[in-house]
Amino acid sequence: MKVGEFSVRDRSKASYKSDNVLKQRLKSLLRGFIFSFTLTVPIAVILSVAMAVTDFPEEYMSPAVLITVALSIVLSGIITTAPEENLGWVGGSLAGLFYMLVITVVRWCLESRVYIDKDIITLLLCGALLGTISGMAGLSLGQKIRGAKRRRRKNKTAPAFVEPKRRSHTKF
């Protein structure tokens, strides 16, 4: 075999590794996506009950929904990209985009019509942008957590630090 050539076995190992990376990324994307909706649905139910039972002003409903959506996208982006080692912005933007796409499809079902206007495009772009920023933050947060775990493991396996005996200072 010449220098620079790969055998079939080497290609299959590389393919296997890239398949595992892709599966891991899809798994973390799905985990973040599911988490975002497990956060959104209970909060939406609580807000609905609060509006029906109490005198909750309707003018506060829009900001509450906006905060819930933003929080869900941010946490989804962080959860999606925390286990990753690179391309946090891609995972975060996909998480935000998919979240807003599902919200848009639900909106279309509730309104019984499908349309694309500037509001929907704005929602999708804002979801992707917020997801991008939170994905980068999640990547950095994940790296810090992994580094802290490594340091903790290293300190447990390393011998305990023995402080040298101090010399007593005597006056002459």
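The residue numbers shown here count from 1 along each chain, following its written sequence. The model is predicted, so local features are restricted to residues of pLDDT at least 70 and side-chain atom pairs to those at 80 or more, both for listing and for counting; the totals for chains, interfaces and linings are taken over all residues. As a rule here, side-chain values cover all heavy atoms of the structure and leave hydrogens and water aside.

Section: helix H2 (residues 61-81)
Helix length check: H2 (21 residues) gives 30 Å between terminal C-alpha atoms against 30 Å at 1.5 Å per residue, within 8%. Relative accessibility decides the category of a residue: with a 1.4 Å probe and only protein chains considered, values under 20% of the type maximum give buried, values over 50% give exposed, and everything between is partly exposed. Numbered from the N terminus, helices here are DSSP runs of H or I no shorter than four residues, and strands are runs of E no shorter than two. Those residues of H2 that sit buried are Met 61, Ala 64, Thr 68, Val 69, Ser 72, Ile 73, Ser 76, Gly 77, Thr 80 and Thr 81. Between the first and last residue of a helix there are one fewer steps than residues, each counted as 1.5 Å, and that sum is the expected span.

Regarding the layout of surface pockets
Put simply, the grid is 1 Å and covers the protein atoms alone, a cavity is a trapped set of points that fit a 1.4 Å probe, a pocket is an open set with protein on both sides within 12 Å along at least five of seven lines, and lining residues have an atom within 4 Å of a point. Grid points are joined across faces, edges and corners, and a volume is the space filled by probe spheres set on the points. The volume enclosed by the largest pocket comes to roughly 550 Å³. Looking at the largest pocket, it is lined by 25 residues, and the ones nearest its centre are Thr 40, Val 65, Val 69, Tyr 99 and Ile 103. Listing elements by their share of the lining of the largest pocket, those giving two or more residues are helix H1 (8-53), H2, helix H3 (88-111) and helix H4 (118-157). Ranked by the residues each element gives to the lining of the largest pocket, the list is headed by H2, at eight residues. Classifying every residue of the lining of the largest pocket by side-chain character gives 18 nonpolar, five polar and two charged. Approximately 160 Å³ is the volume found for the second largest pocket. Forming the walls of the second largest pocket are 14 residues, and the residues nearest its centre are Arg 25, Leu 26, Val 90, Gly 91 and Leu 94. Of all the secondary-structure elements, those providing two or more residues to the lining of the second largest pocket are H1, H2 and H3. For the lining of the second largest pocket, the leading source of residues is H1, giving five residues. The residue inventory of the lining of the second largest pocket, partitioned by class, reads six nonpolar, six polar and two charged. Any residue that is not Ala, Val, Leu, Ile, Met, Phe, Trp, Tyr, Cys, Pro, Asp, Glu, Lys or Arg is counted as polar, Gly included; the first ten are nonpolar and the last four charged.

Some remarks on the packing of aromatic side chains
Two aromatic rings from Phe, Tyr or Trp, using only the six-membered ring of Trp, form a pair when their centres are within 6.5 Å; if the ring planes differ by under 30 degrees the pair is stacked, by over 60 it is edge-to-face, and anything between is tilted. Considering all chains together, one arrives at two aromatic pairs under this definition. With centroids separated by 5.1 Å and ring planes inclined at 70 degrees, the aromatic side chains of Phe 33 and Phe 37 adopt a geometry described as edge-to-face. Here the residue Phe 33 and the residue Phe 37 both occupy positions in helix H1, the gap between them amounting to four residues, near one helical turn.

Quick word on the packing of H2 against H3
Helix-helix packing: each pair is described by the crossing angle between the helix axes and the interaxial distance. Lines fitted to the C-alpha atoms define the axes, with helices restricted to the stretch that makes contact. Angles between their N-to-C directions range from 0 to 180 degrees. Packing of H2 against H3 brings their axes to within 8 Å, and their N-to-C directions diverge by 140 degrees. In terms of orientation, H2 lies oblique with respect to H3. Viewed along their axes, H2 and H3 form a crossing whose handedness is right-handed. Contacts between H2 and H3 pair Val 69, Ser 72, Ile 73, Ser 76, Gly 77, Thr 80 and Thr 81 from the former with Gly 88, Gly 91, Gly 92, Ala 95, Gly 96, Tyr 99 and Met 100 from the latter. Considering only residue class, the contact of H2 with H3 consists of five nonpolar, nine polar and no charged. We call two directions roughly parallel when the angle between them is under 35 degrees, roughly antiparallel when it is over 145, roughly perpendicular when it lies between 65 and 115, and oblique otherwise. Working rule for handedness: look at the near helix, and if it is turned counterclockwise from the far one by less than a right angle, call the crossing left-handed; if clockwise, right-handed. Two residues form a contact once any of their heavy atoms are found within 4.5 Å.

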